[in-house]
Amino acid sequence: MTEDSRLIMGPKEGVNYPMQVIYCGNCSMPIEYCEYYPEYDKCKQWLEKNLPSEFEKVKIGDESSEATGEEEKKRQKRGGKGMIKTKKKEDGPKQVCISRAPRGKKKSVTVVTGMSSFNIDLKVAAKFFGTKFACGSSVTGDDEIVIQGDVKDDLFDIIPEKWPEIDEDLIEDLGDQKR
Ligand SMILES: [Zn+2]
């Protein structure tokens, strides 16, 4: 018996197949292949007449695939870009940050940022630090003061003393900046 003849003959009596194959009376193919047959409508008519339960399955299959297509369209419509909200700068917490940065082999400077979030004039603040520590102090950026010397620990006392609105808890120690 060749491979081909076995296919044409279909299920044999006395053989246990994992699943019963139902052949279409219109196109003579297993009914799951009917939809590829040009006369699928006629196959469905045959199924409706001879195997109503199988016909229901085919019908449901068709409908569910259509529903999935519909769902897909909806999803595409609903999606979209431009929903990412950018955080506003003024929403950030008010905080002064202090860090130590190396300068040369042995010297280090103290960097203070965030003073302007308390509406403090940076030039006034820089001058105050320079006078207080008797060292160079200058505004070096948008919201940055650099004090020549390691005065980080002193700033935790001096800043709240000079500007009571800046609580010691609002001063963040960023530690040592890396070279
Ligand atoms: Zn068929």
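Preceding this paragraph is the structure being described.
Cut-offs applied
- Residues numbered from 1 in each chain as written.
- Predicted model: local features only at pLDDT ≥ 70, side-chain atom pairs only at ≥ 80, totals over all residues.
- Heavy atoms only, no water.
- Pairing = 2+ DSSP bridges.
- Helix = DSSP H or I, 4+ residues; strand = E, 2+ residues; numbered from the N terminus.
- Axes fitted to C-alpha atoms, helices over the stretch in contact; angles between N-to-C directions.
- Contact = heavy atoms within 4.5 Å.
- Phe/Tyr/Trp six-rings, centres within 6.5 Å; stacked < 30°, edge-to-face > 60°.
- Buried < 20%, exposed > 50% of the residue type's maximum accessible area, 1.4 Å probe, protein only.
- Donors = N, O, S within 2.8 Å, 3.2 Å for Na, K, Ca; no water.
- Tetrahedral: all angles 85-135°; square planar, octahedral: opposite > 155°, others 65-115°.

Trainee: Go over the sheet that holds strand 5 (residues 171-176) with me, naming the residues and quoting the values.
Mentor: Across the sheet, which stays open at both edges, the five strands sit in the order 3-4-2-1-5 with mixed pairing between neighbours. Edge positions in the open sheet fall to strand 3 (137-141) and strand 5, since each of these has one partner strand only. The average angle at which neighbouring strand axes cross in this sheet is 25 degrees, direction not considered. Where strand 2 (residues 107-113) lies against strand 4 (residues 144-148), five bridges are found, and the strand directions are antiparallel. Pairing of Thr113 across the sheet is with Glu144, part of strand 4. Strands in contact with helix 4 (residues 122-133) are strand 3 and strand 4; relative to strand 3, the strand with the most contacts, it is inclined by about 145 degrees.

Trainee: Any details on the packing of aromatic side chains? Residues and values, ideally.
Mentor: Across all of its chains, the model carries four aromatic pairs by this definition. For the pair Phe128 and Trp163, a centre-to-centre distance of 5.4 Å together with 75 degrees between the ring planes defines the contact as edge-to-face. In this pair, Phe128 is assigned in helix 4 and Trp163 in the loop between helix 5 (152-162) and strand 5, connecting sequence segments 35 residues apart. Across the pair, exposure class does not vary: Phe128 and Trp163 are buried alike. For Trp163, a relative accessible area of 10% corresponds to the buried category.

Trainee: Any details on the coordination of the zinc ion? Residues and values, ideally.
Mentor: In this structure, Cys24 (SG), Cys27 (SG), Cys34 (SG) and Cys43 (SG) serve as the protein donors to the zinc ion, at separations of 2.3 Å. Taken together, the four donor atoms coordinating the zinc ion and their angles of 101 to 114 degrees define a geometry best described as tetrahedral. The sequence pattern formed by the donor residues of the zinc ion is C-x2-C-x6-C-x8-C. Here the residue Cys27 occupies a position in the loop between helix 1 (3-9) and helix 2 (40-50), and Cys43 occupies one in helix 2, the gap between them amounting to 16 residues. For the pair Cys27 and Cys43, one class covers both residues: buried.

The values are spatial; any link to function lies outside them.
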